2 protein chains.
Amino acid sequence: MAILPMNTPNQPSNNQYQLPERVKIVEVGPRDGLQSEVAISLNDKISLVNMLSHTGLSMIESGSFVSPKWIPQMANSGELFRRIKRTKGVTYSALTPNLIGLNAAIAANVDEIAIFGSASESFSRKNINCSITDSLRQFSPVVKQALAAGLPVRGYISCTLGCPYEGYISINKVAKVAQQLQQMGCYQISLGDTVGVGTPEATKAMINAVSQYVSVDKLAVHFHDTYGQALANIYAALQLGVSVIDSAVAGLGGCPYAQGASGNVASEDVVYMLNGLGIESGVDLSELIAVGNFISERLKRSNGSKVAQAYPAAQALFQSLI
Amino acid sequence: MAILPMNTPNQPSNNQYQLPERVKIVEVGPRDGLQSEVAISLNDKISLVNMLSHTGLSMIESGSFVSPKWIPQMANSGELFRRIKRTKGVTYSALTPNLIGLNAAIAANVDEIAIFGSASESFSRKNINCSITDSLRQFSPVVKQALAAGLPVRGYISCTLGCPYEGYISINKVAKVAQQLQQMGCYQISLGDTVGVGTPEATKAMINAVSQYVSVDKLAVHFHDTYGQALANIYAALQLGVSVIDSAVAGLGGCPYAQGASGNVASEDVVYMLNGLGIESGVDLSELIAVGNFISERLKRSNGSKVAQAYPAAQALFQSLI
């Protein structure tokens, strides 16, 4: 049964923008999501990645090779990568902040890596204990060795629309960090609204500033839904031609700066919007909802996707019509 | 303390659209919200309306003069209107489906009334037990007498982006009903996505169709957040120049067609977005959050506004910076 029987078919529009025809979703639930949740068993994590692999997603950020002192939830990423059942066409990526992490990732046969820079000095110092400039200097050999080993590298930038310590972040600062990550060798820059404070026009202004240095087809957006703005911001980004969206199944994760608040934007809600916009993502929404329900149950938390919450009742209603 | 210290200031943009400078929020929590919640005491309802009156809102839909057999939660609207403390500059409106309701509303000194049409035949028949044509015929004398009594009349249209019984709804049908309501004497048409299934481009297509008959400055949008799409849809509507938004404090209400799903879009989340977009609403966000917390507590439900959920932690963090 289609989940979207009620949506108005696409109409000819007089828009001045062109939405992308296809969007790639980078599923970050197993990494960015789970690192802010209570720890669950390795078997459950493996099940999560394996289940996600069958939803039509083409990229799953599955773990993080960081010191377990920092993020104990990610301690067993090596074992996870060795035990997941890889599906053809799916890229399994991991965060590797340094050479030790990179080597562990290579040993675990990771397909792609990511490094994590910041547009905020204070956030950089508090999060990775060094200035932005120093962090980029430290990433440089990581990127070099990863590329030499044949691994594509994705660059994250945190705090692109605000910082929990500094507040306002200059969009020119974001643009400069993006430029440096690209020059270093990152094939794609994911612009993160780490604290979820951004709104649509601020999002557009930031992306426009970044695109002075890095072309839009090399940009991704990464929104947290802390203030409920994520989908509106994604729609704004789509209007500028951004075609890669990070999201987490069931809206996994939280906000360390706002206890009890929402985490990553839910993949289900993103896919629902893309379906409604007539944008192809390749993801099966029903399958994705099932995975979100599985992991929410294991985490003993409510499902953070509104689509997932509405789905059973909507399905029952429409089945009665068929 | 400002709630939005982190937002990027407005930047010059190359947009092809012009967002409105000012938006009027029609707070529908006490009516559309509470009619789908458990019943609370009249005193609590009065407190809710009185508290909302001090947030800067200029219009509060406070009750409904319908048969208590239909909606028992609204049974004491007359007494509510008699006992609320009216604030200068605030319009207190009510739903009146028929002449009996209108006369009760006039007796209770209501400032403005609203009638409730539908773009879906099935929804009209199930909800008010008659066809769209018959419902409009029945509304006609209500509007006439209301106008004669000096009361402005607002027209709602339900199911503008989908119907729980029919699925797809023709946007031309929506446009025609809007035209008829305007011709009847409604000064404003509120386009409701009753089941929350709409997405941004469908929203734009529907508004564009309606604006062939009713100019955009006479339109309002009314979104439910069942599928999490409300703010993205509102942003789409703003791009077309719509400048009146219905919303409910704390996201009051639910969806009778999806048990446990979200209700009206939360006024707090709308105001947060408007603030970020540099659009004036006149509403004090901190005050609004306090009201939302009050009513959520009385209803023993969690606050449906993400902004309200994130606010205490964000406030604590930023106070430590000041």
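None of the values given here were measured: they were computed from a predicted structure. Along every chain, residues carry numbers that run from 1 in the direction the sequence is written. Here every chain gets a letter starting at A, and every ligand a number starting at 1, in the order they are written. In keeping with the model being predicted, local features are shown solely for residues with a pLDDT of at least 70 and side-chain atom pairs are shown and tallied solely at 80 or more, while totals for entire chains, interfaces and linings include all residues. The basis for every side-chain value is the complete set of heavy atoms in the structure, and neither hydrogens nor water enter the calculation.

## Quick notes on the interface of chain B and chain A
And step 1. Contacts between residues were defined by any pair of non-hydrogen atoms, one from each residue, lying within 4.5 Å. Facing the 59 residues of chain B at the interface are 59 residues of chain A.
And step 2. Once two parts are put together, the accessible area they lose, assessed with a 1.4 Å probe and summed over both, is termed the buried area. Buried area between chain B and chain A, summed over both chains or domains, comes out near 4,900 Å², and the portion from carbon and sulfur atoms is 60%.
And step 3. Put simply, a salt bridge is a Lys or Arg side-chain nitrogen that is within 4 Å of an Asp or Glu carboxyl oxygen. The tally of links between chain B and chain A comes to two salt bridges.
And step 4. A salt bridge links B:Lys306 to A:Asp225; its shortest N-O distance comes to 2.8 Å.
And step 5. Within the residue set of the side of chain B that touches chain A, elements represented by two or more residues are α8 (200-210), α9 (230-239), α10 (267-277) and α12 (306-319) of chain B.
And step 6. Every helix listed is a DSSP run of H or I at least four residues long, and every strand listed is a run of E at least two residues long, numbered separately from the N terminus. Considering every element that reaches the side of chain B that touches chain A, the biggest residue donor is α12(B), with eight residues.
And step 7. Each residue is assigned to one of three groups, with Ala, Val, Leu, Ile, Met, Phe, Trp, Tyr, Cys and Pro labelled nonpolar, Asp, Glu, Lys and Arg labelled charged, and all others, Gly among them, labelled polar. Broken down by class, the residue content of the side of chain B that touches chain A amounts to 34 nonpolar, 20 polar and five charged.

## Describing the sheet that holds strand β3 (residues 91-95) of chain B
All names here are of chain B.
And step 1. In this scheme, strands are said to pair when DSSP sees at least two bridges between them. Strand order in the closed barrel made by the eight strands is β1-β2-β3-β4-β5-β6-β7-β8, with parallel pairing throughout. Adjacent strand axes in the sheet meet at a mean angle of 25° when their direction is disregarded.
And step 2. Fitted lines through C-alpha atoms give the axes, limited to the stretch in contact for helices. The angle between two N-to-C directions lies from 0 to 180 degrees. Contacts from helix α7 (residues 171-184) reach β4 (112-118), β5 (153-158) and β6 (188-193), with the element oriented near 165° to β5.

## So, the layout of surface pockets
And step 1. Taken as a whole, the largest pocket holds about 1,000 Å³ of empty space.
And step 2. In this analysis the probe radius is 1.4 Å and the grid spacing 1 Å, with only protein atoms considered; a cavity is a set of points the probe fits into but cannot get out of, a pocket is an open set with protein on both sides within 12 Å along at least five of seven lines, and lining residues have an atom within 4 Å of a point. Together, 49 residues line the largest pocket, and A:Ser262, A:Gly304, A:Lys306, B:Lys306 and B:Gln309 are the ones closest to its centre.
And step 3. Among the secondary structure elements, those contributing two or more residues to the lining of the largest pocket are α9 (230-239) and α12 (306-319) of chain A together with α9 and α12 of chain B.
And step 4. Along the lines of polarity and charge, the residues of the lining of the largest pocket split into 14 nonpolar, 26 polar and nine charged.
And step 5. Grid points are joined across faces, edges and corners, and a volume is the space filled by probe spheres set on the points. Quantified by volume, the second largest pocket comes out at close to 820 Å³.
And step 6. In this structure, the second largest pocket is lined by 36 residues; those nearest its centre are B:Gln35, B:Ser36, B:Ile71, B:Asn127 and B:Pro256.
And step 7. Counting residues per element, the lining of the second largest pocket draws most heavily on helix α5 (residues 121-128) of chain B, which supplies four residues.
And step 8. Tallied by class, residues from the lining of the second largest pocket come to 18 nonpolar, 14 polar and four charged.

## Observations regarding the relation of the copies chain B and chain A
And step 1. When the copies are overlaid, the least-squares fit takes in C-alpha atoms only where the residue has pLDDT of at least 70 in both copies. Expressed as a screw operation, the relation of chain B to chain A combines 0.0 Å of axial shift with a rotation of 180°, fitting to an RMSD of 0.0 Å. Look at the turn and shift together and you get a two-fold axis relating the two. Residues of chain B ranked by C-alpha distance from the rotation axis are headed by B:Ala232, positioned 1.9 Å from it.
And step 2. Residue by residue, 100% of the interface of chain B is reproduced at the interface of chain A, so both copies engage with the same surface.

## With respect to the nonpolar core
And step 1. In this structure, A:Leu238, A:Ile295, B:Leu238 and B:Ile295 are the most contacted members of the largest nonpolar core, which totals 226 residues.
And step 2. Beyond its immediate stretch of four places on either side in the chain, B:Ile295 contacts B:Leu34, B:Ile40, B:Leu48, B:Val249, B:Ala250 and B:Leu252. In plain words, nonpolar cores are sets of buried Ala, Val, Leu, Ile, Met, Phe, Trp, Tyr and Cys residues tied together by side-chain atoms within 4.5 Å. Accessible area is worked out with a 1.4 Å probe on protein chains only. A residue is then buried under 20% of its type maximum, exposed over 50%, and partly exposed in between.

## With respect to the pairing of strand β6 (residues 188-193) of chain A
All names here are of chain A.
And step 1. With six of six residues buried, β6 lies mostly within the body of the structure.
And step 2. Burial of β6 is two-sided: the residues Gln188, Ser190 and Gly192 facing one way and the residues Ile189, Leu191 and Asp193 facing the other way are all buried.
And step 3. The pairing of strand β5 (residues 153-158) with β6 spans four bridges and is parallel. Paired with glycine 155 across the strands is isoleucine 189, a residue of β6.
And step 4. Bridge count for β6 against strand β7 (residues 219-223) is five bridges, and the pairing is parallel. Within the sheet, the bridge partner assigned to leucine 191 lies in β7 and is valine 221.

## Thoughts on helix α4 (residues 99-107) of chain B
Residue and element names in this part refer to chain B.
And step 1. Restricting attention to buried positions, one finds in α4 the residues Gly101, Leu102 and Ala105. Within α4, the buried residues cover an arc of 100° as seen down the axis, which keeps them to one side. Exposed and facing more than 90 degrees away from the buried side of α4 are Ile100 and Ala107.
And step 2. Where α4 is buried, its residues touch β4 and α6 (132-148).
And step 3. The opening residue of α4 is asparagine 98, an N-cap whose side-chain oxygen sits 3.4 Å from the backbone nitrogen of isoleucine 100. Relevant arc is that of directions from the helix axis to the C-beta atoms, nothing else. In protein, a polar contact requires one atom able to donate a hydrogen and another able to accept it; more generally it is a pair of N or O atoms within 3.5 Å, and residues adjacent in sequence count only if both atoms are side-chain atoms.

## Brief notes about the confidence of the model for chain A
All names here are of chain A.
And step 1. Each residue carries a pLDDT value, the predictor's own confidence for that position, ranging from 0 to 100. Across chain A, pLDDT averages 92, with 93% of residues at or above 70.
And step 2. Note on residues 1-10: pLDDT under 50 across the span, and 39 contacts to partners over four residues away in sequence or across chains.
And step 3. Scoring of the predicted complex yields 0.95 for pTM and 0.94 for ipTM.

## Topic: the packing of α9(B) against α10(B)
All names here are of chain B.
And step 1. Orientation of α9 relative to α10, taken along the N-to-C sense of each, is 45°, at an axis distance of 11 Å. In terms of their interaxial angle, α9 and α10 are classed as oblique. Judged by the twist between their axes, the crossing of α9 over α10 is right-handed. Side by side, α9 and α10 meet where Leu231, Ile234, Tyr235 and Leu238 of the first sit next to Asp269, Val270, Met273, Leu274 and Leu277 of the second.
And step 2. Considering only residue class, the contact of α9 with α10 consists of eight nonpolar, no polar and one charged. Working rule for angles: under 35 degrees goes down as roughly parallel, over 145 as roughly antiparallel, 65 to 115 as roughly perpendicular, anything else as oblique. Left-handed describes a crossing in which the near helix is turned anticlockwise from the far one by less than a right angle; the clockwise case is right-handed.

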